[in-house]
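Next come the chains, spelled out residue by residue.
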Amino acid sequence: MKISVLGAGAWGTALAVQAAHAGHDVSLWGRDVAAVDAMRATRRNTAYLPDSELPAALALTADRDAAIAHAANGLSIVATPMSGLRETLAALPPTQRVLWLCKGFEAGTGRLGHEIARELQPAMRVGVLSGPSFAQEVAAGRPTALVAASEDAGLARAAVEAFHGERLRVYTSSDPVGVEVGGAVKNVMAIAVGVCDGLSGSAPDAPGLNARAALITRGLAEMLRLGLALGAKAETFMGLSGLGDLVLTATGDLSRNRRVGLLLAQGLGVPEILAQLGHVAEGVYSAPTVLARARGAGVEMPITEAMVALLDGRLRAGEAVERLMSRDARAE
């Protein structure tokens, strides 16, 4: 299969590596000409995956038109941040089969990926590839399971053909709404769990493992409520893109969103945290949009609301936890 990966960040590079190892004809596009030249010379993506060697068969290009043409009869993978999805989809011909990797709601419009695609390219065959996955582990060939979700069953099967192997399993889903909601909301919940873990041990009554378990569980409930309000299937949230991605992102040491929460618990401000991370933490940008979509749908999301207030500087970390623990008792 001819595959073009549009975006040479960590996740796009990791999937391109795996597809090339599987014997597909893969082109990886990056917008930075100098960075692409360096990757071609060193066979490393030193900015994002310095420990992973790029296969000799993996083509590297800074010519997006050439990369798009390469996948004309194959599969295009959009590996940009959420902020780049609209512009990338608009540049693709409507005949192309497209999956995106980004997770979140679009800033300003509050739209999910499938809603952007429906607006821009109503005839295009589209879907989302998601699930509990750190790029470093995928690039290294560590066992990982993903889900390809599309209303087009043939496209979901194409994702299996492209990426399924001994170390990378790809399941299919007909619920892109649920998969996208899970991918967006789990980032916000990971910040909350990071805050909780960052506060643990600072005082005898500080939150601990019990609080972490409660946050993950109630975070899943928030995710489910919003998903159902937007038309998702309940069972999706018990799968890889729901519970699976939430647990990984909330507890894994490689999670940037969890790291944001840990640093918030230390009293750092958002600009300082983002400068320290050096990479995108989607939960910071998507939290206000998640809350806006929830309010528009009449869905209560107290953890998300507390995280937005914390990120805005209207609450301190300890106050956010106290606000959640002081809520009135109710049926689960």
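Our structure's up above, just so we're on the same page.
The structure presented is a predicted model; accordingly, all values stated were derived computationally and were not measured.

Quick notes on the nonpolar core
If you look at the biggest cluster of nonpolar residues, it comprises 52 residues, and the most contacted ones within it are Val260, Leu264 and Met307. The element that contributes the greatest number of residues to this core is helix α8 (residues 176-199), accounting for 13 residues. Every residue in contact with leucine 264, bar those within four places of it in the chain, is listed here: Ile191, Val195, Val270, Ile273, Leu310, Leu311 and Ala317. Within the second largest apolar cluster, 36 residues are counted, among which are Ala20, Met39, Leu99 and Val170.

Observations regarding the layout of surface pockets
Estimated volume of the largest pocket: approximately 1100 Å³. Lining the largest pocket are 43 residues, and of these Gly9, Ala10, Trp11, Tyr48 and Arg256 sit closest to its centre. Put simply, the parts of the chain that give the lining of the largest pocket at least two residues each are α1 (10-21), α2 (33-42), β3 (44-45), α6 (135-139), α8, α10 (240-251) and α11 (256-265). Per-element tally for the lining of the largest pocket: the top contributor is α2, with four residues. Its residues assigned to classes, the lining of the largest pocket shows 19 nonpolar, 16 polar and eight charged.

As for empty space enclosed by the protein
The final tally for this structure, using the stated rule, is one cavity of 30 Å³ or more. What the largest cavity holds in volume is close to 50 Å³. Lining the largest cavity we find Met82, Cys102, Lys103, Gly104, Leu112, Gly113, Val128, Ser130, Val179, Glu180 and Gly183. Counting residues per element, the ones that place at least two in the lining of the largest cavity are β8 (125-130) and α8. Ranked by residues supplied to the lining of the largest cavity, first place goes to α8 with three residues. Taken domain by domain, the makeup of the lining of the largest cavity includes at least three residues from each of domain 1 (2-174) and domain 2 (177-326).

Cut-off values and rules
- Residues numbered from 1 in each chain as written.
- Predicted model: local features only at pLDDT ≥ 70, side-chain atom pairs only at ≥ 80, totals over all residues.
- Heavy atoms only, no water.
- Core = buried A, V, L, I, M, F, W, Y, C linked by side-chain atoms within 4.5 Å.
- Buried < 20%, exposed > 50% of the residue type's maximum accessible area, 1.4 Å probe, protein only.
- Helix = DSSP H or I, 4+ residues; strand = E, 2+ residues; numbered from the N terminus.
- Contact = heavy atoms within 4.5 Å.
- 1 Å grid on protein atoms, 1.4 Å probe; cavity = no way out; pocket = protein on both sides within 12 Å on 5 of 7 lines; lining within 4 Å.
- Points joined across faces, edges and corners; volume = space filled by probe spheres on them.
- Nonpolar A, V, L, I, M, F, W, Y, C, P; charged D, E, K, R; others polar.
- Domains from an automatic or database assignment.

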